[in-house]
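Single-letter residue listing:
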Amino acid sequence: MATRKTSDAEPFLPEGRRTLPKLREAAAHCQGCDLYLHATQTVFGEGSTGARLVFVGEQPGDMEDRKGRPFVGPAGRVFDRALEAAGIARDTTYVTNAVKHFKFEERGKARLHKRPRAGEVKACRPWLSAELELIRPEIVVLLGATAAQAIFGPSFRITHSRGRPLESTLAKVVIATAHPSSILRAPDEEARHAAFEELVEDLRVVAKHLNEKAK
Ligand code: URA
Ligand code: SF4
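Numbering of residues starts from 1 in every chain and runs along the sequence as written. All chains are assigned letters beginning with A, and all ligands numbers beginning with 1, in the order in which they are written. Reporting in this predicted model follows two pLDDT cut-offs: at least 70 for local features of residues, and 80 or more for side-chain atom pairs to be given and counted; totals over whole chains, interfaces and linings ignore these cut-offs and use all residues. No hydrogens and no water enter the side-chain calculation; it runs on all heavy atoms of the structure.

### Considerations on the site of ligand 2
Logical step 1: Being near a molecule or strand, for a residue, means having at least one of its heavy atoms within 4 Å of it. Around ligand 2 sit Cys30, Gly32, Cys33, Tyr36, Val99, Lys100, His101, Ala123, Cys124 and Trp127, and those are all the residues in its vicinity.
Logical step 2: Each residue belonging to the shell around ligand 2 can be placed in one class, and the counts come to seven nonpolar, two polar and one charged. Three categories are distinguished: nonpolar for Ala, Val, Leu, Ile, Met, Phe, Trp, Tyr, Cys and Pro, charged for Asp, Glu, Lys and Arg, and polar for the others, with Gly belonging to the last.

This is the structure:
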């Protein structure tokens, strides 16, 4: 029997007609890479099948891992504030991550976020593809380098390409922007404010596309 050299999420995808609840249930048992070993649970995407806009983050953080929901920790609060400033209602969108398990390093009692490797992002990709195939959104927003590089490859740079529609088969409009947690890492209040405003500016471009299409 041939042995599989690399593993991914593919064998864990549900058979038959897919729905988001079926995907979520199947993803809860995924062992497509080693990240399930230490995380609390799979954090699947959240939102409706009818969403016109999908956000893709990197991976769940400490709080998301505990709660089982995407963007509910500190980065989630930045995300919520930015959405509000741009006039986008989160509950009309679908929010997910490129990687569905929390990767971390233990430092005393703290669990520090560790960036997923390209192989882990690739292993998890079947879930994101399945979500996007079901939802077929008009707009996909990639939050941060991990999500953007998952789609456009390792040479993609957010700083060069943020806030404008990119060529992609994922959706009619694909836009990359900064990750909300990069705002929390800004060195001082002034830099934080500027980075937040830039994120909001990019999300306003997204809102404009949404509103144009709705007319
Ligand atoms: N950062 C992410 O990329 N996703 C989350 O769900 C939370 C923090
Ligand atoms: Fe499966 Fe993705 Fe979790 Fe890896 S990170 S075990 S591929 S759900």
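### A few points about the side chain of Asn97
Logical step 1: Labels follow the DSSP assignment, with helices taken as runs of H or I lasting at least four residues and strands as runs of E lasting at least two, numbered in each case from the N terminus. Mapping Asn97 onto the fold places it in strand S3 (residues 94-97).
Logical step 2: Relative accessible area serves as the criterion here: at 2%, Asn97 is assigned to the buried category.
Logical step 3: Note on definitions: a residue-residue contact is assigned when non-hydrogen atoms from the two residues lie within 4.5 Å. Apart from the residues lying within four places of it in its own chain, the contact partners of Asn97 are Val56, Gly57, Glu58, Gln59, Pro60, Pro70 and Phe71. With a 1.4 Å probe rolled over the protein chains alone, any residue whose accessible area is under 20% of its type maximum counts as buried; one over 50% counts as exposed, and the rest are partly exposed.

### Things to note about the site of ligand 1
Logical step 1: The full set of residues close to ligand 1 is Gly57, Glu58, Gln59, Pro60, Gly61, Glu64, Pro70, Phe71, Ala75, Asn97 and His179.
Logical step 2: Two N or O atoms count as a polar contact when they lie within 3.5 Å, although within protein this holds only if one can serve as hydrogen donor and the other as acceptor, and sequence-adjacent residues are included solely when both atoms are side-chain atoms. Between ligand 1 and the protein, one listed contact pairs an oxygen atom with a backbone N or O atom of Glu58 at 2.7 Å.
Logical step 3: One of the side-chain N or O atoms of His179 is found 2.6 Å from an oxygen atom in ligand 1.
Logical step 4: Methods summary: accessible areas were calculated by the Shrake-Rupley approach with a probe of 1.4 Å, and residue burial reflects only the protein chains presented. Burial of ligand 1 by the surrounding chains reaches 93%, relative to a free accessible area of 230 Å².
Logical step 5: The residue inventory of the shell around ligand 1, partitioned by class, reads four nonpolar, five polar and two charged.

### Looking at the pattern of salt bridges
Logical step 1: We count a salt bridge whenever a side-chain nitrogen from Lys or Arg sits within 4 Å of a carboxyl oxygen from Asp or Glu. By the definition in use, this model includes 16 salt bridges.
Logical step 2: When the shortest N-O distance is used, the salt bridge between Arg69 and Glu46 registers 2.8 Å. Within this pair, whereas Arg69 is found in the loop between helix H2 (62-67) and helix H3 (74-86), its partner Glu46 is found in strand S1 (residues 46-47), the two being separated by 23 residues in sequence.
Logical step 3: Of the residues examined, Arg69 reaches a relative accessible area of 41% and is grouped as partly exposed.
Logical step 4: Classification of Glu46 as partly exposed rests on a relative accessible area of 25%.
Logical step 5: Salt-bridge contacts for Arg52 lead to Glu138; the nearest nitrogen and oxygen are separated by 3.0 Å. Taken together, the positions of Arg52 in the loop between S1 and strand S2 (53-57) and Glu138 in the loop between helix H4 (118-135) and strand S6 (139-143) put the pair 86 residues apart, joining distant regions of the chain.

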